[in-house]
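These are the residues of each chain, in order.
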Amino acid sequence: MTWRAWQAGRRRQLSTQLACQCKDGPMATKPRRTRAHQLMVNCLNQTYLQHGEPYLSRVLKTLKRLPDLYPDFAGAGDAAGLSSKGNIQKILAGTHDSLPSASQLSRLILAFQHLARVDEVIPVDPGVSTLRGWQALLIEARTLDKEQVRRGEFIEDAGGVDAPVRLPTPSPLAEPSRPLAVPEPVEMTRLEMHALTTLGQYARSLAVRTSTGDPGVLFEVALALIASSSPYAQRAESFAANAGAAGVSAATDLFMAFKTGRDEARVFAVTQARVLEYAALRSGDEAAARFFGRCAGRATNPGTRGKAPLLEG
C-alpha cells in the first residue's frame, strides 16, 4: 500500500468516526437504557416466547394478513416499522433506541396470538380484546422511562433481553414492624419475568413497575412467585424481604413465614392473595382481582404448581 493510499484510507476512517460522534455523542457505543425501558422490552420478548416463538418469517406473513384476519382492527394495514424480519427482530431484541409504537405493539401481539392459536399453544385467540391492556402497559412504560431519563437513572450495563435487570432498593414507606437484615438488591430475571407475565395484564404491569423499586409492587411480585413452581418461586423470599424492609408489614409476615418453611409461606400468600382479590373487586379493578385470584388458584393447585406457568391471557 502506498503512503497516499494509506492517508486516503485514514481520512475515510476519521470521517466515519467523526460522523458517529456527531450523531450519537462522543464515545457513544450503545443507547443508554432505563429499567422501565428494558423491562418493557423483556416483557414483550417473553410474550413472544410464551406464544410459541414462531419463526419471524411466519410473523411477517401474518402481519400482512392482519386486515383479513382482524377486519375490525383499524390499524391492521399499518406496516410502518414492521416490513422486514430484521425490523421485527430489533424490536423483540430491544436494539432500537425507543420502545415500539402503539401500532407496532398491537400488530405484533395480534400476530403472536393468531400463530399461537394455529399451533395449539393457546386454546382460543382472544383477538383485539387484549390490546387495550397492552396499550396501557406501553403508556405506563413510556411514562416511567421518561421520568427515569429525567432523573438520570440508567442501567449501567444493558445486556439485552437475556440479562437480569437489577432493581432499585425500595424507599421506606414506614418503619419496619420488625427489624430485618438489610436485603441484597434483587434482580428481575427471565425466570421471574416468565412467572409474572403468564398471569395476565396486571402482572405485566407489575413487571414493568418493579423498575421504580416500589415496595408494594415488590410484595405483590413475591405473592405471584411463591404461587409458582420451582425454580420460578426460588427468589420470592428476596422480594418479600425487600418489601418488608421498606415497611410493608404483610411482606414482613411473608418473609417470616419463609423461615418456617415453604409450605407455610405459600399458605400465608394464598390468604393475602384472597384478601387483595376481594379488595380489588370492591374497588372495581377487575384486572387486579383476576391476578390475585390466579395467584391463589395457582398456589393451591398441586398440579399447576408442578408445571411451568402457562399463559393466562
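Per-chain numbering applies: the sequence of each chain, read as written, is numbered from 1 onward. The model is predicted, so local features are restricted to residues of pLDDT at least 70 and side-chain atom pairs to those at 80 or more, both for listing and for counting; the totals for chains, interfaces and linings are taken over all residues. Note: side-chain values were computed over all heavy atoms of the structure, leaving out hydrogens and water.

Student: What should I look at first to understand the packing of helix H11 (residues 249–260) against helix H12 (residues 262–283) in this one?
Tutor: A packed helix pair is summarised by two numbers, namely the angle formed by the two axes and the spacing between the axes. All axes here are fitted lines through C-alpha atoms, helices being fitted over the stretch that makes contact, and every angle between N-to-C directions spans 0 to 180 degrees. Strands are runs of DSSP state E lasting at least two residues, helices are runs of H or I lasting at least four, and both sets are numbered from the N terminus onward. Here H11 crosses H12 at 155 degrees, and the two axes come no closer than 6 Å. Comparing their axes, H12 and H11 come out roughly antiparallel. Residue-level inspection shows Ala250, Asp253, Leu254, Ala257, Phe258 and Thr260 of H11 in contact with H12, the latter providing Arg262, Glu264, Ala265, Phe268, Ala269 and Gln272. When residue character is reported, Ala, Val, Leu, Ile, Met, Phe, Trp, Tyr, Cys and Pro are called nonpolar, Asp, Glu, Lys and Arg charged, and the others, Gly included, polar. Of the residues belonging to the contact of H11 with H12, the class tally is seven nonpolar, two polar and three charged. Small angles under 35 degrees read as roughly parallel and large ones over 145 as roughly antiparallel, with 65 to 115 read as roughly perpendicular and the rest as oblique. What makes two residues a contact is simply this: any of their non-hydrogen atoms within 4.5 Å.

Student: Teacher, can you tell me more about helix H6 (residues 131–151) here?
Tutor: One full turn of an α-helix is made of 3.6 residues, so residues set three or four places apart face in the same direction. Expected helix span is taken as 1.5 Å per residue step, with the number of steps being one fewer than the number of residues. For H6, built from 21 residues, the straight-helix expectation of 30 Å at 1.5 Å per residue is met to within 8% by its first-to-last C-alpha distance of 30 Å. Turning to H6, its buried residues number three or more, namely Leu131, Gly133, Trp134, Gln135, Leu137, Leu138, Ala141, Leu144, Asp145 and Gln148. Elements that come into contact with the buried residues of H6 comprise helix H2 (35–50), helix H5 (102–118) and helix H8 (201–209). When accessible area is computed with a 1.4 Å probe and restricted to protein chains, residues below 20% of their type maximum are described as buried, those above 50% as exposed, and intermediate ones as partly exposed.

Student: Please clarify how the packing of aromatic side chains should be interpreted in this entry.
Tutor: Aromatic ring pairs are described here by two measures, namely the spacing of the ring centres and the angle between the planes. Stacked, tilted and edge-to-face are the three classes assigned to paired rings of Phe, Tyr and Trp, where Trp is represented by its six-membered ring and a pair needs centres within 6.5 Å; plane angles under 30 degrees give stacked, over 60 edge-to-face, the rest tilted. Counting across every chain of the model gives four aromatic pairs. With 5.2 Å between their ring centres and 40 degrees between their planes, Tyr202 and Phe291 make a pair best called tilted. Within this pair, whereas Tyr202 is found in helix H8, its partner Phe291 is found in helix H13 (residues 286–300), the two being separated by 89 residues in sequence. Note on Phe291 and Phe292: the rings are 5.0 Å apart at their centroids and 65 degrees apart in plane angle, and the pair reads as edge-to-face. On the basis of relative accessible area, Phe291 is assigned to the buried category, the value being 0%. For Phe292, a relative accessible area of 3% gives the class buried. An aromatic cluster of at least three residues, connected via ring pairs, comprises Tyr202, Phe291 and Phe292. Put simply, a charge is over a ring when the Lys NZ or the Arg CZ is close to the ring centre, within 6 Å, and near the line of the ring normal, within 35 degrees. Above the plane of the ring of Tyr202 lies Arg209, whose end atom (NZ or CZ) is 5.6 Å from the centre.

Student: Is there a simple way to think about the nonpolar core in this case?
Tutor: A general feature of soluble globular proteins is that nonpolar side chains tend to end up buried together. By nonpolar core is meant a set of buried Ala, Val, Leu, Ile, Met, Phe, Trp, Tyr and Cys residues that side-chain atoms within 4.5 Å join together. Within the largest apolar cluster, 83 residues are counted, with the highest numbers of intra-cluster contacts made by Met40, Val59, Ile88, Leu254 and Phe291. Among the elements that line this core, the one with the most residues is helix H9 (residues 215–226), at nine residues. Discounting chain neighbours no more than four positions away, the residues touching Met40 are Leu99, Leu105, Trp134, Leu137, Leu138, Ala141 and Val208.

Student: Could you clarify how one ought to interpret the packing of H8 against H9 in this entry?
Tutor: Put simply, H8 and H9 touch, their axes get as near as 10 Å, and they point 130 degrees apart. Accordingly, the angle class assigned to the pair H8 and H9 is oblique. Viewed along their axes, H8 and H9 form a crossing whose handedness is left-handed. On H9, the residues that touch Tyr202, Leu206 and Arg209 of H8 are Val217, Glu220 and Val221. Looking at side-chain class alone, the contact of H8 with H9 contains four nonpolar, no polar and two charged residues. Should the near helix be turned anticlockwise from the far one by less than a right angle, the crossing is termed left-handed; should it be turned clockwise, right-handed.

Student: Where do I start with the environment of Ser98 in this structure?
Tutor: Inspection of the secondary structure puts Ser98 in the loop between helix H4 (85–93) and H5. Between the C-alpha atoms of Ser98 and Val41, which are 57 residues apart in sequence, the distance is 9.9 Å.

Student: Can you help me understand the pattern of salt bridges in this one?
Tutor: Where charged atoms from two side chains of opposite charge approach closely, those side chains can pair. We define a salt bridge as a contact between a side-chain nitrogen of Lys or Arg and a carboxyl oxygen of Asp or Glu at a distance within 4 Å. Overall, the coordinates contain twelve salt bridges when judged by the stated rule. Between Glu153 and Arg151 there is a salt bridge, and its shortest N-O distance comes to 3.8 Å. Residue classification places Arg151 among the exposed positions, given a relative accessible area of 53%. Beyond isolated ion pairs, a larger network of salt bridges with shared partners links Glu147, Arg150, Arg151 and Glu153.

Student: Would you mind showing me how to read the confidence of the model for the chain here?
Tutor: Detailed reading of the predicted coordinates is not advisable wherever pLDDT falls low. Per residue, pLDDT measures the predictor's confidence, with a range of 0 to 100. Counting all residues, the mean pLDDT for the chain is 84, and 81% of those residues have values of 70 or more. Across the chain, the secondary-structure element scoring lowest on mean pLDDT is helix H1 (residues 3–24), at 44, and the one scoring highest is H5, at 96. Between residues 10–29, whose pLDDT stays under 50, and residues either more than four places distant or in other chains, the model counts three contacts.

Student: I would appreciate a short explanation of empty space enclosed by the protein in the present structure.
Tutor: Over the atoms rolls a probe the size of a water molecule, and its path tells where empty space is left. Within this scheme a cavity is a closed region of a 1 Å grid, computed over the protein atoms alone, that accommodates a 1.4 Å probe without allowing it to escape, whereas a pocket is open but has protein on both sides within 12 Å along at least five of seven lines; lining residues each have an atom within 4 Å of a point. Grid points are joined across faces, edges and corners, and a volume is the space filled by probe spheres set on the points. All chains considered together, the criterion is met by two cavities of 30 Å³ or more. Considered as a void within the structure, the largest cavity measures approximately 60 Å³ in volume. What lines the largest cavity is Asn42, Asn45, Gln46, Val161, Ala163, Pro164, Met188, Thr189, Arg190 and Met193. Looking at the lining of the largest cavity, the elements with two or more residues in it are H2 and helix H7 (190–197). Within the lining of the largest cavity, the residues separate by chemical class into five nonpolar, four polar and one charged. Reported here for the second largest cavity is a volume of approximately 50 Å³. Lining the second largest cavity, in full, are His37, Val41, Lys90, Ile91, Gly94, His96, Ser98, Leu99 and Pro100. Of all the secondary-structure elements, those providing two or more residues to the lining of the second largest cavity are H2 and H4.

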